[in-house]
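The residues making up each chain are set out below.
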Amino acid sequence: MAKITLGGTAIHTNGELPKVGEKAPDFKLVATDMSTSTLADYKGTKVILNIFPSVDTGVCASSVRHFNEKASQLENTKVLCISRDLPFAQKRFCGAEGLDNVINLSDFVDGSFGRDYGLMIEDGGFEGLHSRVIVVLNENGEVKYTEQVPEIGEAPDYEAALAAL
């Protein structure tokens, strides 16, 4: 269980992030076209998992914009932006912003991604949402880098995540 903060108030996640060197847990998420996406869909590709509470908050929206800008310059890499937002909200946001270099995926169905990756918030005002996390995977789905952002309202270390590729 990670101890993080939301506006300075302590909150907790349901577990620990996958460890560097381990195989990332598989997932089943919903894309903005309502299709199902799994980790196997990205085999042979480096993957950045940009995970956050909701695209309708400032820092979360900024992270999607930032990775959208960087994604176009990354070779053999996909950036997956994952939250519990409905796919319709993710699609609306990216459409309004003109963002097309990232892939938005939703864990709205059952929250299993958040539980399996140990990043579901268990208490406080964001209970049930995902904490702000970056996970970088190599082409074989092995974890190369993780960051559990200690304060939800702060941005992740983009440069460290990109360097881990």
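Just above sits the structure.
Just so you know, these numbers come straight off a predicted model, no measurement behind them.

Attention now goes to the overall build of the chain. Per the secondary structure count, the chain includes 4 helices and 9 strands. Relative to the globule expectation of 15 Å for 165 residues, the C-alpha radius of gyration of the chain, 14 Å, shows essentially globular dimensions. By principal-axis analysis of the C-alpha atoms, the chain measures approximately 40 × 35 × 30 Å. Looking at the 165 residues of the chain, the share that counts as buried comes to 49%.

Turning our attention to the environment of I4. Its place among the elements puts I4 in strand 1 (residues 3–6). Overall, the relative accessible area of 1% leaves I4 in the buried class. I4 sits 140 residues away from K144 along the chain, and the two C-alpha atoms are 22 Å apart.

As judged from the 3 bridges shared by strand 3 (residues 28–31) and strand 4 (residues 36–38), these two strands associate in the antiparallel manner. Directly across from L29, in strand 4, lies its bridge partner S37. Between the antiparallel neighbours strand 3 and strand 4 lie 4 residues, among them M34 with a positive phi of about 75°. Inspection of the sheet shows strand 3 paired to strand 7 (residues 103–106) by 2 bridges, in the antiparallel sense.

Okay, the packing of aromatic side chains next. In the structure shown here, the tally under the stated rule is 2 aromatic pairs. With 5.7 Å between their ring centres and 80° between their planes, F27 and F113 make a pair best called edge-to-face. Of this pair, F27 sits in the loop between strand 2 (9–12) and strand 3 while F113 sits in helix 3 (residues 112–116), placing them 86 residues apart in sequence. You'll find F27 and F113 in the same group, each marked buried. Judged by centre distance (4.3 Å) and plane angle (25°), the rings of F113 and Y117 are stacked. Take F113: its relative accessible area is 1%, and that puts it in the buried class. Residue classification places Y117 among the buried positions, given a relative accessible area of 0%.

On to unusual backbone geometry, then. We note that M34 has phi near 75°; this positive angle belongs to a residue other than glycine. Mapped onto the secondary structure, M34 falls in the loop between strand 3 and strand 4. According to the relative accessible area criterion, M34 is partly exposed, its value standing at 41%. Positive phi is not limited to glycine here, since N76 has a value of about 50°. Looking at the secondary structure, you find N76 in the loop between helix 1 (58–71) and strand 6 (77–83).

Reading the values: the criteria
- Residues numbered from 1 in each chain as written.
- Predicted model: local features only at pLDDT ≥ 70, side-chain atom pairs only at ≥ 80, totals over all residues.
- Heavy atoms only, no water.
- Helix = DSSP H or I, 4+ residues; strand = E, 2+ residues; numbered from the N terminus.
- Rg over C-alpha atoms; globule rule 2.2 N^0.38 Å.
- Buried < 20%, exposed > 50% of the residue type's maximum accessible area, 1.4 Å probe, protein only.
- Pairing = 2+ DSSP bridges.
- Phe/Tyr/Trp six-rings, centres within 6.5 Å; stacked < 30°, edge-to-face > 60°.

Nothing here speaks to function; it is all geometry.
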